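Observations on chain architecture
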Amino acid sequence: MTTATARAHSNIALIKYWGKRDAARNLPAAGSISITLEGLHTDTRVDFDPTLAADTCELDGEPVATERMRPLLDHIRARAAIESRARIITHNNFPTGAGLASSASGFAALTLAATAAAGLQLSRRQLSTLARLGSGSAARSLFGGYVEMLRGSAADGHDAHAVPLLDAADWPLAVVVAITDADAKAVDSRRGMTASAAGSPFYASWLRQTDADLVAMRAIIAQHDFHALGALAEHNCLKMHALMLSTQPALLYWNGATVNAMHALRALRKDGVPVYFTIDAGPQIKALCPPEFAATTAATLAAVPGVQSVLRTGLGPGAHLLS
Ligand code: DP6
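Basis of the calculations
- Residues numbered from 1 in each chain as written.
- Predicted model: local features only at pLDDT ≥ 70, side-chain atom pairs only at ≥ 80, totals over all residues.
- Heavy atoms only, no water.
- Near = heavy atom within 4 Å.
- Polar contact = N/O pair within 3.5 Å; in protein donor to acceptor, adjacent residues only side chain to side chain.
- Nonpolar A, V, L, I, M, F, W, Y, C, P; charged D, E, K, R; others polar.
- Domains from an automatic or database assignment.
- Helix = DSSP H or I, 4+ residues; strand = E, 2+ residues; numbered from the N terminus.
- Contact = heavy atoms within 4.5 Å.
- Buried < 20%, exposed > 50% of the residue type's maximum accessible area, 1.4 Å probe, protein only.

Here we come to the site of the ligand. Not every one of the 18 residues close to the ligand is listed here, only the nearest: Tyr17, Lys20, Ser135, Gly136 and Ser137. In this structure, an oxygen atom belonging to the ligand sits 2.6 Å away from a main-chain N or O atom of glycine 136. Taken together, the residues of the shell around the ligand break down into six nonpolar, six polar and six charged. Split by domain, the residues of the shell around the ligand number at least three in each of domain 1 (3–171) and domain 2 (174–313).

Below is the structure:
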């Protein structure tokens, strides 16, 4: 086969990845835990074409640079012993580069489509390790439901891949995403986390906190304790943003509507609705709640000044081939 199409769903971290132990191999400084999202996905077709002079990529109809895909594609070509360049055609069903983890679903879909197009048959763990070369969070999108990314300790990174913790169907959860600005963010995660490692006095403490939060979150997921999950996810997110704010120069990903939404969700919680939030390296806010509270949460977020639109989703599957 020289052509294949794959779909991968985005994910959001409950325990965040913000720091690398090896930038060249893209190895995380700590593990992370995420949930895969049903409603946000990337579809990617890869065609290895001997007539192409260079790799090309079209995202939602526009040409995009392929440099960041190069390490992953070169690795796949070397492993499959092929020389051909890749023609990549990809679509997101959500805004790109605005903190909705388009690099997670994008690199997971690219990894699965490109390995299949190259004729490679790899295990999920091998695919996850490969996807990490593109983006750390992409390694998690190979799996569905509740997923843990392992930090690993090997210098070559072969043990830095994701593993599944719990199927989506075993503990349904709703995520309500409030879009407050659909434009691409100013400082991408890669540059942001390098800046925090170099320029925040709290970086070492953040990594210690992450290790402790991972232990606690694993137990919470095993027990299906929603309040504990929400409280820890929100606290871990706010610690990451405290680290970002303490970076020099400061990384401030929130806008006014993000802050309005945080207040609105805290007020809703005070009124008895079990809802918590998390925020990545962008201004969108993601509310977590049991599915029966998704409608109330969505209505609350839609009424917040500055919120442009609201998406509702449940938990989704791992990356899969479409053809
Ligand atoms: C804030 O996976 O985009 O979303 O490995 O450099 O591509 P690279 O970073 P990326 O970072 C994600 C950061 C985050 C937290 C998370 O998803 O864990």
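What follows covers the environment of serine 32. Structurally, the position occupied by serine 32 is in strand β4 (residues 32–49). As a C-alpha pair, serine 32 and aspartate 181 span 149 residues in sequence and 26 Å in three-dimensional space. When residues no more than four places from it in sequence are discounted, the contact partners of serine 32 are Ile15, Lys16, Tyr17, Arg140, Val147, Glu148, Met149 and Leu214.

As a further point, take the side chain of serine 246. Examined against the element boundaries, serine 246 turns out to sit in the loop between α6 (226–245) and α7 (256–270). Since its relative accessible area comes to 16%, serine 246 is described here as buried. A distance of 2.7 Å separates the side chain of serine 246 from the side chain of serine 200, its partner in a polar contact. At a separation of 2.8 Å, a polar atom in the side chain of serine 246 contacts the main-chain carbonyl oxygen of leucine 243. Not counting residues up to four positions away in its chain, the partners in contact with serine 246 are Gly199, Ser200, Pro201 and Phe202.

Attention now moves to the environment of arginine 269. Tracing the backbone through its elements, the reader meets arginine 269 in helix α7. Once the C-alpha coordinates of arginine 269 and threonine 297 are considered, the two residues, 28 residues apart in sequence, prove to be 9.8 Å apart. With sequence-adjacent residues up to four places away left out, arginine 269 is seen in contact with Glu234, Val275 and Tyr276.

So far we have only geometry, and geometry alone does not tell us how the molecule works.
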